Amino acid sequence: MKKIDFQQIVLKPLALACLSMGLLACAVNETASVTVDGSQATQIIETNSGVLSDNLRISDTNIGYAGNLLKAQVTITNDSDEHLDFRYKFKWLDKDGFEIAVDGRPWTPMLITPFESKSVQAVAPNPTANSFKILMQN
Amino acid sequence: MKLLKILTVIVASLVLVACSNKISYGDATSVETTTMGFGSTDLQSIAAKLVDDLIAFPPIVQMTSARRPVVFVDKVKNKTTEHIDTESITDTIQTKLLQSGKFRFVDMTAVKAVQEQMQFQMDSGMVDPGKAAAFGKQTGAEFMLYGNMSSIVKRNSDAKDVYYKFTLKLVNLESGIMEWAGEKEIRKSGEKSFF
């Protein structure tokens, strides 16, 4: 009977499988948000600790109007020397804090090069919006 | 030998776990990368970008500040090699534009049903003639929304690159002038992984 090379055939693939499962389990889901009020333009930045919030920064927010629709621009800066692959999503709120058009905007994938700043823009779904949030996750 | 037995049990249990049918609900707006083909994320990002472009375009802002123009949505030509339901994309765009309060639409997909209903109101003798919807009173569209979707696909032995371009145009039906055009480009790359 041929002797099985136990380490080569069984143990190595098993270790590899366990390692990849471990890596999958470590995938984090972080969210950072900025709220800009239409009249006061105050920023509230909420970040969870982790890779994304350590490296990505919301460096600027800007609001304007297209007719009676609120227009938002957010500048995101990569402070690290790595390419970062993340996704962002805009949420719109009315004056009472109710979210407008829930799930109206998709998570949008984005790639940012080392030390680069990128601006993302969005227009409110209707005239009742007077503040917005931007969420980021990896 | 004992170790081999234990390992066999572990592998068998892993296989059993993998076979169990697990169903869960996900976020409909999350990024979907199951295959390289056209997906929900592409549809949603096309609609979001083009609607933003249209309602923020200065001449359109000026025009829609005092009135809500009536628009008719024509087909979007699918020039890609994939089967893509372009009506689903224009449906999403139409819904978002309607909800913005800036435009109104005439639905050409419902013309036959509307005609049948009006015929019923007129001819069946069951509807009060004073309350029946009259023929010849509908509003004609002022603008037409139409477009194209094309793709460029390139591949070699270990990588594939897909580029989509979606173009949408708004034309004044009476004058024939194109009032607005918007484009959304999407690039997707994939590599073959042997791990």
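Note that the structure is a prediction, hence the values are computed from the model and not measured.

### Here we look at the overall build of chain B
Each helix and strand counted, chain B has five helices and five strands in total. Compactness check: chain B gives a C-alpha radius of gyration of 25 Å against a globular reference of 16 Å for 195 residues, more than 25% above the reference. By residue count, 20% of the 195 residues in chain B fall in the buried class. By sequence separation, contacts in chain B at least 24 residues apart represent 65% of the contacts at least 6 residues apart.

### Considerations on the overall build of chain A
Looking only at helices and strands, one finds two helices and nine strands in chain A. Helices (α) and strands (β) of chain A occur, in sequence order from the N terminus, as α-β-β-α-β-β-β-β-β-β-β. For chain A, buried positions account for 21% of its 138 residues. A separation threshold of at least 6 residues defines the contact pool for chain A, and within that pool the share at least 24 residues apart is 64%.

### Some words on the sheet that holds strand 4 (residues 69–78) of chain A
Spatial strand order, 3-4-8 (chain A): three strands in an open sheet with antiparallel pairing. At either margin of the open sheet sits one strand with a lone partner, and together these are strand 3 (56–66) and strand 8 (117–123) of chain A. Each strand of the sheet is rotated relative to its neighbour by a mean of 20°, with strand direction disregarded. The sheet contact formed by strand 3 of chain A and strand 4 of chain A spans ten bridges and is antiparallel. Its bridge partner being in strand 4 of chain A, Gly64 of chain A is matched across the sheet by Lys71 of chain A. Sheet contacts for helix 2 (residues 40–56) of chain B: strand 3, strand 4 and strand 8 of chain A; angle to strand 8 of chain A, the most-contacted strand, approximately 70°.

### Topic: the packing of helix 2 of chain B against helix 4 (residues 86–99) of chain B
Residue and element names in this part refer to chain B. Remark: helix 2 packs on helix 4, axes separated minimally by 9 Å, with the N-to-C direction vectors making an angle of 40°. Here helix 4 runs oblique to helix 2, going by the angle between their axes. In the packing of helix 2 onto helix 4, the handedness of the crossing is right-handed. Residue-level contacts link Leu43, Ile46, Ala47, Leu50, Val51 and Leu54 of helix 2 to Ser88, Ile89, Thr92, Ile93, Lys96 and Leu97 of helix 4. Here the contact of helix 2 with helix 4 is built from residues that sort into nine nonpolar, two polar and one charged.

### With respect to the interface of chain B and chain A
When the parts come together, some accessible area is lost, and that loss is often what is quoted as the size of the interface. Tallying the contact residues gives 19 residues for chain B and 19 residues for chain A. Secondary structure elements with two or more residues in the side of chain B that touches chain A: helix 2, helix 3 (58–64) and helix 4 of chain B. Considering each element in turn, the side of chain B that touches chain A owes the most residues, seven residues, to helix 2 of chain B. Class assignment of the residues belonging to the side of chain B that touches chain A gives a composition of seven nonpolar, ten polar and two charged.

### Brief notes about the nonpolar core
With 44 residues, the main nonpolar core has Phe132 of chain A together with Ala47, Leu50, Val51 and Leu54 of chain B as its most contacted residues. Top contributing element to this core by residue count: helix 2 of chain B, with eight residues. Dropping the residues within four chain positions of it, Leu50 of chain B is found in contact with Ile93, Leu168, Gly182 and Lys184 of chain B.

### Describing the sheet that holds strand 3 (residues 143–155) of chain B
Residues and elements named next belong to chain B. Pairing is mixed across the open sheet formed by five strands, whose spatial order is 2-1-3-4-5. The sheet is open, and its two borders are formed by strand 2 (104–106) and strand 5 (178–191), each paired with just one other strand. Sheet twist, expressed as the average angle between the axes of neighbouring strands with direction ignored, equals 30°. When strand 3 meets strand 4 (residues 159–172), the two strands line up antiparallel, connected through 13 bridges.

### Considering helix 2 of chain B
Taking 1.5 Å of rise per residue, 17 residues should cover 24 Å, and helix 2 of chain B covers 24 Å from first to last C-alpha, within 8% of that figure. Where burial is concerned, most of helix 2 of chain B is hidden: 13 out of the 17 residues are buried.

### A few points about helix 4 of chain B
Turn by turn, an α-helix covers 3.6 residues, leaving residues three or four places apart pointing in a common direction. Residue and element names in this part refer to chain B. Taking 1.5 Å of rise per residue, the 14 residues of helix 4 would be expected to cover 20 Å, and the 20 Å separating its terminal C-alpha atoms lies within 8% of that figure. Here helix 4 has its buried residues at Ile89, Thr90, Ile93, Gln94, Lys96 and Leu97. Angular distribution of buried residues about the axis of helix 4 spans 165°; they occupy a single face of the element. Tucked inside the fold, the buried residues of helix 4 contact helix 2, strand 1 (70–78) and strand 2.

### Describing the pairing of strand 1 of chain B
Residue and element names in this part refer to chain B. Looking at chain direction, strand 1 and strand 2 are connected through three bridges and run parallel. Note on strand 2: the bridge partner recorded for Phe72 is Val106. The β-α-β motif built from strand 1, the intervening helix 4 and the parallel element strand 2 has right-handed crossover chirality. Where strand 1 and strand 3 come together, six bridges link them in parallel fashion. If you follow Val71 over to strand 3, its bridge partner there is Phe143.

### Overview of unusual backbone geometry
Residues and elements named next belong to chain A. A positive phi angle, close to 50°, is found at Ala101, a residue other than glycine. The class of Ala101 is partly exposed, set by 17 C-beta atoms lying within 10 Å. Here Asp103, not a glycine, exhibits a phi torsion of approximately 60°, which is positive. Position of Asp103 among the secondary structure elements: in the loop between strand 6 (99–100) and strand 7 (108–112). Here Asp103 falls in the exposed class, since 12 other C-beta atoms lie within 10 Å of it.

Definitions and cut-offs
- Residues numbered from 1 in each chain as written.
- Chains lettered and ligands numbered in written order.
- Predicted model: local features only at pLDDT ≥ 70, side-chain atom pairs only at ≥ 80, totals over all residues.
- Helix = DSSP H or I, 4+ residues; strand = E, 2+ residues; numbered from the N terminus.
- Rg over C-alpha atoms; globule rule 2.2 N^0.38 Å.
- Buried ≥ 20, exposed ≤ 12 C-beta atoms within 10 Å, placed from the backbone.
- Contact = placed C-beta atoms within 7 Å.
- Pairing = 2+ DSSP bridges.
- Axes fitted to C-alpha atoms, helices over the stretch in contact; angles between N-to-C directions.
- Parallel < 35°, antiparallel > 145°, perpendicular 65-115°, else oblique.
- Left-handed = near helix turned anticlockwise from the far one by under 90°.
- Nonpolar A, V, L, I, M, F, W, Y, C, P; charged D, E, K, R; others polar.
- Core = buried A, V, L, I, M, F, W, Y, C linked by C-beta atoms within 7 Å.
- Expected span 1.5 Å × (residues − 1).
- Arc of directions from axis to C-beta.
- Right-handed = clockwise from strand over helix to strand, strands pointing away.

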